[in-house]
Amino acid sequence: MGKKALLVGCNYPGTKAELKGCVNDVKRMYRCLIHRFGFEEENITVLIDTEDSESFAEIKGEPTGANIRRTLKTLLQTAQPGDVLFFHYSGHGTRLPAETGDQDDTGYDECIVPSDMNLITDDDFREFVDMVSSDCILTIVSDSCHSGGLIEKTKEQIGESTKNENVQKREAQFDGEQKRGGSFGFRDFLSETVHDAFESRGVHLPSRHGHKNQREYNEEQTEEVVYHGEGEARNRSLPLSTLIEILKQKTGRQDIDVGKIRPTLFDMFGEDASPKVKKFVKVLVTKLQSSDNEGGFLGAIGNLAQQFLKQKLDGSDDSSEYAKPAMQAEVSSTHEVYAGSVKKGLPDTGILVSGCQSDQTSADANPTGNPDNAYGALSNAIQTILSDHDGPIANRELVIKARKILSKQGFTQRPGLYCTDWHADAPFICD
């Protein structure tokens, strides 16, 4: 039996999206895998976006979208029978609104945010998890916002992300609630209403105030919170306004808006773009090439994306070459490219520990004001539990304890557990 891991930490240094604790999370998990779980250094791949070579045997590169996908795919495809596989991600999460107006849409693609903004979607993770051999175990820890929805629908052992009736109750409960104070100021940070939390991240929801316009999107900031004592915290949710601003800087285009995020990602990364993005672009290109390109499944987001692509294809000397990476993608149905259209369950070989629910943010905490001491709230809770617990600890027990620790510390984020019944009571990572 082999033990292999991929650890990814994105601090986004020098950008508007900068975080402080993500690479620190990777350092602590790296040491934990070696000293507690018996991993060999050569079997741990590290992708980080800061210079910290002294903390690891080797850093394999930056955590770009292409590097994360390629390395994770290699980890899964080269696994041997009985291998224990582990993937830890610390960084921003975001949610892209649905491309269509179809009533079956969940409304979002939950994503992690690589250092180059080449998003990896929940559907992409679905495909990765499906690669795992039936005689291997893959544990995923995602200390990021909206991570409860990171893998398309599965059995939710602990959490509320897939229980729509509970989400609706919480929205009603929190609607109109004022921000409250709490220890270290975290409750002021995390106790926003559910609706306001969505809107503050650039996601349109029906509201008595109506939809935000592009100017309002661009005015949103990643929220920072001041502790009652020294230090600060911010969430690990990347607002769409910030993502759009970074994409504008990278491309030099000033006409990017919410509806043009997906085609912009395809324009920037081509073959290396998310498979979900390429499938979406294929559907739009096919629609543009058909005689009937009006109406259909496209909503406001899809129509804006279609306009973007039409401009690109009309201005290209070889439009077929431009669209080639998308046209090579396999699409079984139009609905496959839309948010929430895939309804598979997590295989017996997969376990997801999420930093929060799909409608929540995870915190990046810096209690002393020193970046060397910054951490992700979930990652810190896991390390605290492991250091206080001798011997194996079950996945269910780990998540329950993490919830209690975070609540006591003043965080409102609720970690989740997604796996089969058997794995809920199996040891975290391995014996």
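Residues numbered from 1 in each chain as written. Predicted model: local features only at pLDDT ≥ 70, side-chain atom pairs only at ≥ 80, totals over all residues. Heavy atoms only, no water.

A.B. asks: Honestly, the overall build of the chain in this entry has me stumped. Any pointers?
C.D. replies: Within the chain one finds 15 helices and 14 strands. Looking at the chain residue by residue over its 431 residues, the buried ones come to 59%. Of all intrachain contacts in the chain linking residues separated by at least 6 positions in sequence, the fraction that spans at least 24 positions is 73%. Carbon and sulfur atoms make up 46% of the accessible area of the chain, which totals about 17,800 Å². (Helix = DSSP H or I, 4+ residues; strand = E, 2+ residues; numbered from the N terminus. Buried < 20%, exposed > 50% of the residue type's maximum accessible area, 1.4 Å probe, protein only. Contact = heavy atoms within 4.5 Å. Areas by Shrake-Rupley, 256 points an atom, 1.4 Å probe, with all protein chains shown as cover.)

A.B. asks: Would you mind showing me how to read the sheet that holds strand S6 (residues 120-121) here?
C.D. replies: Hydrogen bonds between backbone groups are what pair the strands of a sheet, and the pairing can be parallel or antiparallel. Across the sheet, three strands lie side by side as S4-S5-S6; this open sheet has antiparallel pairing. The open sheet has two edge strands, strand S4 (93-97) and S6, and neither has a second partner. Sheet topology note: the strand S5 (residues 108-112)/S6 ladder contains two bridges and is antiparallel. Across the sheet, residue Ile 112 finds its bridge partner in S6, namely Ile 120. (Pairing = 2+ DSSP bridges.)

A.B. asks: For this particular structure, what's the right way to read the sheet that holds strand S3 (residues 84-90)?
C.D. replies: Pairing is mixed in the open sheet, where seven strands are placed in the order S2-S1-S3-S7-S11-S14-S8. Of all strands in the sheet, those with a lone pairing partner are strand S2 (44-48) and strand S8 (156-158), marking the two edges. Across the sheet, the mean angle from the axis of one strand to that of its neighbour is 15°, orientation sign disregarded. Where strand S11 (residues 350-354) lies against strand S14 (residues 416-418), three bridges are found, and the strand directions are antiparallel. By the bridge assignment, Leu 352 is partnered in S14 with Tyr 418. Packing of helix H1 (residues 22-35) onto the sheet brings it into contact with strand S1 (3-9), S2, S3 and strand S7 (137-143), and relative to S1 it is tilted by some 165°. Most of the contacts of helix H2 (residues 65-77) go to S1, to which it runs at about 170°, and overall it touches S1, S2, S3 and S7. (Axes fitted to C-alpha atoms, helices over the stretch in contact; angles between N-to-C directions.)

A.B. asks: Even after reading the chapter, I still don't get the pattern of salt bridges, so can you show me in this structure?
C.D. replies: Two side chains of opposite charge can pair, provided their charged atoms sit close to one another. This structure, assessed with the given rule, holds 21 salt bridges. Between Glu 160 and Arg 414 there is a salt bridge, with its nearest N and O atoms 2.9 Å apart. Within this pair, whereas Glu 160 is found in the loop between S8 and helix H4 (164-174), its partner Arg 414 is found in the loop between helix H14 (395-409) and S14, the two being separated by 254 residues in sequence. For Arg 236, the salt bridge identified is with Asp 364, shortest N-O distance 2.6 Å. Placement of Arg 236 in the loop between strand S10 (232-235) and helix H8 (240-251) and of Asp 364 in strand S12 (residues 363-366) is noted, with a sequence separation of 128 residues between them. (Salt bridge = Lys/Arg side-chain N within 4 Å of Asp/Glu carboxyl O.)

A.B. asks: I'm lost on the side chain of Thr 94 in this one. Help?
C.D. replies: The residue Thr 94 is located in strand S4 in this model. Looking at Thr 94, its side chain comes within polar contact range of the main-chain oxygen of Leu 238, at 2.8 Å. Other than its neighbours up to four places away in sequence, Thr 94 contacts Asp 109, Glu 110, Cys 111, Val 113, Leu 119, His 146, Leu 238 and Leu 240. (Polar contact = N/O pair within 3.5 Å; in protein donor to acceptor, adjacent residues only side chain to side chain.)

A.B. asks: Hey, could you run me through unusual backbone geometry in this one?
C.D. replies: One can expect most non-glycine residues to show negative phi and most peptide bonds to be in trans. Positive phi outside glycine occurs at Met 117, with the angle close to 70°. Relative accessible area serves as the criterion here: at 2%, Met 117 is assigned to the buried category. A positive phi angle, near 65°, is found at Ile 429, a position not held by glycine. In this structure, Ile 429 sits in the segment after helix H15 (421-424).

A.B. asks: What's the story with the state of the cysteines in this structure? I'm lost.
C.D. replies: Disulfide: a covalent bond connecting the sulfur atoms of a pair of cysteines. Per the counting criterion, the structure on display carries zero disulfides. This cysteine, Cys 22, is not joined by any disulfide, and Cys 10 carries the nearest cysteine sulfur, 7.1 Å off. Exposure remark for Cys 22: the relative accessible area of 0% places this residue in the buried category. Residue Cys 145 stays outside any disulfide, its sulfur separated by 5.5 Å from that of Cys 356, the closest cysteine. (Disulfide = S-S within 2.5 Å.)

A.B. asks: Would you take a moment to explain the nonpolar core for this structure?
C.D. replies: One finds Phe 87 and Leu 243 to be the most contacted residues of the largest nonpolar core, which totals 59 residues. The element contributing the most residues to this core is helix H10 (residues 275-289), with six residues. When near neighbours in sequence (up to four residues on either side) are disregarded, Leu 243 contacts Leu 96, Met 117, Leu 119, Leu 238 and Ile 261. If you look at the next biggest cluster of nonpolar residues, it comprises 41 residues, including Tyr 375, Ile 385, Ala 424 and Ile 429. (Core = buried A, V, L, I, M, F, W, Y, C linked by side-chain atoms within 4.5 Å.)

A.B. asks: Whenever I open this one, the packing of aromatic side chains confuses me. Can you help?
C.D. replies: Each aromatic ring pair is specified by the distance between its two centres and by the angle formed by the two planes. Tallied over the entire structure, the rule returns six aromatic pairs. Where Phe 86 meets Phe 428, the ring centres are 6.3 Å apart and the plane angle is 90°; that geometry is what we call edge-to-face. Here Phe 86, found in strand S3, pairs with Phe 428, found in the segment after H15; they are 342 residues apart in sequence, far enough to count as distant. Both residues of the pair, Phe 86 and Phe 428, count as buried. Where Phe 266 meets Tyr 322, the ring centres are 5.7 Å apart and the plane angle is 90°; that geometry is what we call edge-to-face. Taken together, the residues span a long stretch of sequence, with Phe 266 in helix H9 (residues 261-269) and Tyr 322 in helix H12 (residues 319-327) at a distance of 56 residues. For Phe 266, a relative accessible area of 2% translates into the label buried. Over the ring of Phe 280 we find Arg 262; its NZ or CZ atom is 5.7 Å from the centre of that ring. (Phe/Tyr/Trp six-rings, centres within 6.5 Å; stacked < 30°, edge-to-face > 60°. Lys NZ or Arg CZ within 6 Å of the ring centre and 35° of its normal.)

A.B. asks: Hey, could you run me through the side chain of Arg 234 in this one?
C.D. replies: Looking at where Arg 234 falls in the secondary structure, it is placed in strand S10. Since its relative accessible area comes to 13%, Arg 234 is described here as buried. Among the polar contacts made by the side chain of Arg 234, one reaches the main-chain carbonyl oxygen of Glu 18 at a distance of 2.8 Å.

A.B. asks: I'm lost on the pairing of S2 in this one. Help?
C.D. replies: In summary, the side chains of a regular strand alternate between the two faces of the sheet. Buried residues dominate S2, accounting for five of its five residues. Here S2 shows a buried face lined by Ile 44, Val 46 and Ile 48 and a second buried face lined by Thr 45 and Leu 47. Here S1 pairs with S2 via five bridges, running parallel. Along S2, the bridge assignment pairs Ala 5 with Ile 44. Since S1 and S2 lie parallel, the crossover through H1 that links them has a hand, and here it is right-handed. (Right-handed = clockwise from strand over helix to strand, strands pointing away.)

That's the geometry; what it means functionally is another story.
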